[in-house]
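What follows is each chain in one-letter form.
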Amino acid sequence: MTQYSRVSGSVGLITLKNPPVNQLSAVVRHGIVDTVQKALSDPKVKSVVICGQNGMFCGGADIKEFQTLANMRGPPLIPMIHSIEAADKPVVAAIEGGAFGGGLELALGCHYRIAHSKAKVGLPEVTLGLLPAAGGSQRLPRLIGVPAALSLITTGRHITAAEALQLGLVDQVADHNTVDAAVKFALSVAGQSLDARRISNFQCPPVPNMDALFEDVMQKVRTTARGAIAPIACVQAVRAAATLPYTQGMQREKELMATLFTSGQARALQYCFFAQRVVGRWSMPSGARWDTSKGRPIHKAAVIGLGTMGRGITVALAQTGLSVVAVETQEKQFMEAKKAVSNMLERGAKRSGKPLAHGKITYSQSLQAVADVDLVIEAVFEDMGLKKKVFQQLSAVCKPGTFLCTNTSTLDVDELASQTHQPELVVGMHFFAPAHIMKLLEVVYGPRSSPELVAVVMELGKKMGKVSVAVGNCRGFVGNRMLKPYRDQAYFLLEEGATPQLIDQALEEFGFAMGAFKVSDLSGLDVGWKVRKEEGLVQPGGGSGKSARIRNGVRYSPLGDLMCEQGRFGQKTGRGWYQYDKPGSRDARPDPWMHSFLEEYRARHGLVARRISNQEVLERCLYAMINEGFRVLEDGIAAGPEDIDIIYVFGYGWPRHRGGPMFYANMVGLEIVLERLEHYAQANPDMPTLQPCSLLRKLVASGSPPVNKWKEVIKNVRSQL
Ligand SMILES: CC(C)(COP(=O)(O)OP(=O)(O)OC[C@H]1O[C@@H](n2cnc3c(N)ncnc32)[C@H](O)[C@@H]1OP(=O)(O)O)[C@@H](O)C(=O)NCCC(=O)NCCSC(=O)C[C@@H](O)CCCCCCCCCCCCC(=O)O
């Protein structure tokens with residue numbers, strides 16, 4: 001909706017009213033068309049101001065309308081914006097809060113833009129698999145120049161009002177009431193010629209070596225896009241702005257948008273946008289929910305253990321403005337950590353332009369120092385015995401009511417909780433390395449965890465800039481639990497004839513940031529080896545005879561153990577699944593040694609190498625992971641498919657334009673995933689992770705409903721258990 005009034009005698013004020021972000025739904029577009037016409041035909045009105053209610057200009061087109069073309073009724077945006085630009089009375093955009101996507105395109109159609117100093121603007125369409133197709137790709141380069149427009153449009157980043165002013169994207173920045181400032185401004189420009197204010201009439205500012213610039217940008221975009229098509233279309237659209245007259249440029253914008261609009265990638269990215277918001281509305285099997293559970297404020301937090309994870313967590317906490325007590329009992333680690341944390345904070349301050357958070361951290365070598373904190377995050381070595389001891393000590397030292405969190409990535413949170421006097425005040429906070437950079441936080445609750453604590457930790461995660469997902473307790477929680485069958489399949493494929501580079505290439509072409517073996521080299525093969533040894537899975541020399549590749553009755557690959565026996569721990573030793581120039585180097589190169597290692601291994605176990613296709617790599621690795629995802633849903637560990645998908649997109653390098661593993665399964669077709677799993681399970685009866693799980697079968701039997709309808713089927717499956 002829109003509201004219209006005449007203010008200060010001669011200014012027509014149009015207010016967009018469409019909570020939550022004044023998105024340009026059909027009814028708003030109708031309102032704009034009608035009120036603009038009203039203002040222009042009223043002889044008393046000499047100029048017009050467009051603003052948004054509740055301190056927000058406009059969040060752009062209504063993304064919900066994009067779900068089907070049938071939804072796209074009402075006046076189209078492009079002619080609506082053209083009619084504003086063509087008006088013979090000055091139109092001023094008063095930007096409070098933000099102007100994003102279609103919202104900024106609307107403002108670019110206005111003759112002047114005034115922004116509040118705290119407002120942000122941007123064209124984030126690329127993050128939704130689209131391009132700014134209401135003239136944004138054509139007007140922005142004409143206004144601020146090709147290089148700056150390319151940067152904004154291909155990344156979708158939001159910029160501050162100050163940066164927008166510097167770029168010439170806004171004409172004035174207001175510190176107080178933006179609408180008042182805009183009305184005053186509108187009065188001052190009434191009657192002035194608008195010839196020089198219509199951006200579509202501008203020529204793009206000339207760029208020396210334009211071909212080279214576009215080639216360079218396209219090259220960079222292709223490398224970072226990992227298969228996403230929207231960033232490439234964005235470059236093509238800006239190129240059209242730079243090389244074609246406006247009307248032809250608009251035609252190109254339209255053609256490019258038509259390709260993107262109906263693409264699977266746009267569906268996936270828009271799903272991710274909403275899924276990210278869905279996971280914030282967490283719920284627990286007990287019925288506790290985000291909107292009925294209230295946390296309490298945390299003023300002082302502590303981190304126990306200042307290894308790599310503890311350091312990152314300390315930085316992330318300090319950057320929220322909290323007082324942090326950082327505890328490390330080992331002298332050498334203590335000294336190194338203090339220095340490392342300072343450096344990380346300095347780099348962070350430089351990057352963000354925000355002041356240093358140094359003063360807020362106090363360091364101690366004694367656990368007694370945490371006696372008065374509100375919340376503790378334990379980040380000692382991943383060893384159940386050690387962690388149990390720490391939790392017993394914390395329970396004795398901390399004041400009653402202190403929240404105790406563990407940064408374990410796999411261990412049983414309930415077992416740790418049972419070491420304390422108040423098990424209901426214990427949860428897992430699974431950070432991802434580097435903890436001050438990576439966006440994902442898995443918040444792991446147990447059956448006894450209090451909803452108040454979950455609310456506190458979810459809120460704390462938000463303050464740390466994390467995307468927090470609440471999940472139930474099981475081995476590996478959601479992310480690592482699903483990663484295991486994926487990795488196992490990668491090992492089995494090596495045994496059957498693949499190479500690490502063949503598998504990694506297939507996964508990277510799919511869009512993963514790194515293939516399974518590069519990730520393993522990065523995180524260190526010894527980490528998993530230690531866990532497997534503790535579980536009694538490792539046999540010297542990989543074991544012999546038929547049982548060498550079987551543990552507990554299921555298929556097991558000792559390849560990783562054999563690599564570790566040879567000291568090949570990955571990047572840290574300069575040798576792993578790949579070779580590196582020197583220990584610590586990141587540049588992975590295929591290692592000819594691997595060829596003879598695998599040949600010798602296959603010969604020892606009577607395996608005949610066969611040709612493995614990319615399709616088989618993807619189906620076996622991804623469908624095994626997806627199948628486990630269905631089990632996670634069936635077990636109630638994740639509340640819905642969105643939780644799994646957000647975990648994978650933000651924590652495991654899953655390509656966002658494919659929407660997360662569960663969304664991807666839906667896109668492929670659940671019946672196809674089921675059929676392929678059945679096929680591989682039949683060929684490999686000793687791999688139970690390939691046996692399709694009952695929820696998948698149930699969903700297929702229910703006609704493969706879209707992903708947002710799965711929860712109903714899950715509820716039925718659970719009620720039958
Ligand atoms: C705005 C924000 C920065 C605010 O952040 P904040 O943290 O304050 O709040 P939330 O993010 O939690 O959001 C609150 C609430 O609002 C919902 N929401 C936000 N934005 C939108 C929106 N744009 N539409 C709908 N709903 C929105 C959000 O979901 C939350 O609600 P929930 O219930 O889920 O909790 C932040 O919200 C933000 O970043 N928003 C998105 C901004 C954005 O990306 N905007 C761009 C939108 S796309 C666009 O504008 C496209 C235009 O360029 C062009 C359109 C032209 C269309 C032409 C179509 C041609 C089709 C051709 C096809 C031809 C095919 C053929 O014929 O064959």
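Conventions used here
Residues numbered from 1 in each chain as written. Predicted model: local features only at pLDDT ≥ 70, side-chain atom pairs only at ≥ 80, totals over all residues. UniProt positions renumbered as here; feature names shortened; annotations may be inferred. Near = placed C-beta within 6 Å. Helix = DSSP H or I, 4+ residues; strand = E, 2+ residues; numbered from the N terminus. Nonpolar A, V, L, I, M, F, W, Y, C, P; charged D, E, K, R; others polar. Axes fitted to C-alpha atoms, helices over the stretch in contact; angles between N-to-C directions. Parallel < 35°, antiparallel > 145°, perpendicular 65-115°, else oblique. Left-handed = near helix turned anticlockwise from the far one by under 90°. Contact = placed C-beta atoms within 7 Å. Core = buried A, V, L, I, M, F, W, Y, C linked by C-beta atoms within 7 Å. Buried ≥ 20, exposed ≤ 12 C-beta atoms within 10 Å, placed from the backbone. Expected span 1.5 Å × (residues − 1). Domains from an automatic or database assignment. Pairing = 2+ DSSP bridges. Right-handed = clockwise from strand over helix to strand, strands pointing away.

- Looking up the chain in an unreviewed UniProt entry gives the name Peroxisomal bifunctional enzyme, with the organism given as Labrus bergylta.
- For the chain, the Pathway (unreviewed entry) comment in UniProt is given as "Lipid metabolism; fatty acid beta-oxidation."
- Of the chain, the UniProt comment under Subcellular location (unreviewed entry) reads exactly: "Peroxisome".

**Observations concerning the site of the ligand**
Thinking step 1. Around the ligand sit 29 residues, and of these Gly-59, Gly-60, Ala-61, Gly-101 and Gly-102 come closest.
Thinking step 2. Residue assignment for the shell around the ligand shows that the elements contributing at least two residues are strand 5 (98-100), helix 3 (102-109), helix 10 (246-261) and helix 11 (264-278).
Thinking step 3. Here the shell around the ligand gets three residues from one element, more than from any other, and that element is helix 10.
Thinking step 4. For the shell around the ligand, the class distribution of residues is 16 nonpolar, eight polar and five charged.

**Quick notes on the packing of helix 4 (residues 136-144) against helix 5 (residues 146-155)**
Thinking step 1. As a packed pair, helix 4 and helix 5 sit with axes 7 Å apart at the nearest point and diverge in direction by 135°. Considering their axes alone, helix 4 and helix 5 lie oblique with respect to each other. As helix 4 runs across helix 5, the sense of the crossing is right-handed. Here Ser-137, Leu-140, Pro-141 and Ile-144 of helix 4 lie close against helix 5, whose contacting residues are Val-146, Ala-148, Ala-149, Leu-152 and Ile-153.
Thinking step 2. Across the contact of helix 4 with helix 5, the residue classes break down as eight nonpolar, one polar and no charged.

**A word on the nonpolar core**
Thinking step 1. Ranked by size, the top nonpolar core spans 218 residues in total, and within it Val-49 and Val-443 carry the most contacts.
Thinking step 2. Ranked by the residues each element gives to this core, the list is headed by helix 23 (residues 614-634), at 10 residues.
Thinking step 3. Once you skip the residues sitting within four places of it in the chain, Val-443 turns out to touch Val-427, Met-429, Val-454, Val-457, Met-458, Gly-461, Ser-468, Val-469, Ala-470 and Val-471.

**What to know about the UniProt feature "domain: 3-hydroxyacyl-CoA dehydrogenase C-terminal" (unreviewed entry) in the chain**
Thinking step 1. Sequence positions flagged by UniProt for "domain: 3-hydroxyacyl-CoA dehydrogenase C-terminal" (unreviewed entry) are, in local numbering, residues 476-580 and 617-709.
Thinking step 2. In residues 476-580, helix accounts for 51% and strand for 4%; the two terminal C-alpha atoms are 30 Å from one another.
Thinking step 3. The span residues 617-709 shows a helical share of 63% and a strand share of 0%, and its end C-alpha atoms are spaced 29 Å apart.

**Description of helix 7 (residues 178-189)**
Think of an α-helix as 3.6 residues a turn; residues three or four steps apart then line up on the same face.
Thinking step 1. With 12 residues, helix 7 should cover 16 Å at 1.5 Å per step; its first-to-last C-alpha distance of 16 Å lies within 8% of that length.
Thinking step 2. Among the residues of helix 7, Thr-178, Val-179, Ala-181, Ala-182, Val-183, Phe-185 and Ala-186 are the ones counted as buried.
Thinking step 3. Just downstream of helix 7, Gly-191 is the residue with a positive phi angle, here 85°.

**Some words on the domain arrangement of the chain**
Thinking step 1. Split into domains, the chain comes out as domain 1 (2-261), domain 2 (293-477) and domain 3 (498-604).
Thinking step 2. Just the C-alpha atoms count here: the centres of domain 2 and domain 3 sit 31 Å apart.

**Description of the pairing of strand 13 (residues 375-378)**
Thinking step 1. Side chains Leu-375 and Ile-377 of strand 13 all project onto a buried face; the interleaved residues Val-376 and Glu-378 project onto the opposite face, where all are buried too.
Thinking step 2. Alignment of strand 13 against strand 14 (residues 403-406), held across four bridges, turns out to be parallel. Paired with Ile-377 across the two strands is Cys-405, which belongs to strand 14.
Thinking step 3. Following the chain from strand 13 across helix 14 (residues 384-397) to the adjacent parallel strand 14, one finds a crossover that is right-handed.

**A word on the pairing of strand 17 (residues 467-472)**
Thinking step 1. Taking burial as the measure, the six residues of strand 17 include five buried ones, the bulk of the element.
Thinking step 2. Judged from the six bridges that link them, strand 16 (residues 440-445) and strand 17 form a sheet pairing that is parallel. Along strand 17, the bridge assignment pairs Tyr-445 with Gly-472.
Thinking step 3. Viewed along the sheet, the connection from strand 16 through helix 16 (residues 451-463) into strand 17 turns out right-handed.

**Observations concerning the sheet that holds strand 15 (residues 426-431)**
Thinking step 1. The strand order across the open sheet formed by eight strands is 12-11-10-13-14-15-16-17, and the pairing between neighbours is mixed. Lying at the two open borders of the sheet, with one neighbouring strand each, are strand 12 (361-364) and strand 17. Recorded for the sheet is a direction-independent mean angle of 25° between the axes of neighbouring strands.
Thinking step 2. Helix 14 contacts strand 10 (300-304), strand 13 and strand 14 of the sheet and is inclined by roughly 165° relative to strand 13.

**Focus: the environment of Ser-137**
Thinking step 1. Considering the arrangement of structural elements, one finds Ser-137 in helix 4.
Thinking step 2. Dropping the residues within four chain positions of it, Ser-137 is found in contact with Leu-131, Pro-132, Ile-153, Cys-234, Ala-237, Val-238, Ala-241 and Glu-253.

**Structural notes on helix 17 (residues 479-496)**
Thinking step 1. Taking 1.5 Å per residue, 18 residues should reach 26 Å; helix 17 reaches 26 Å between its end C-alpha atoms and fits that length.
Thinking step 2. Of all 18 residues in helix 17, 13 are buried, a share of seventy percent or more.
Thinking step 3. Gly-497 occupies a position one or two residues after helix 17 and carries a positive phi of about 140°.

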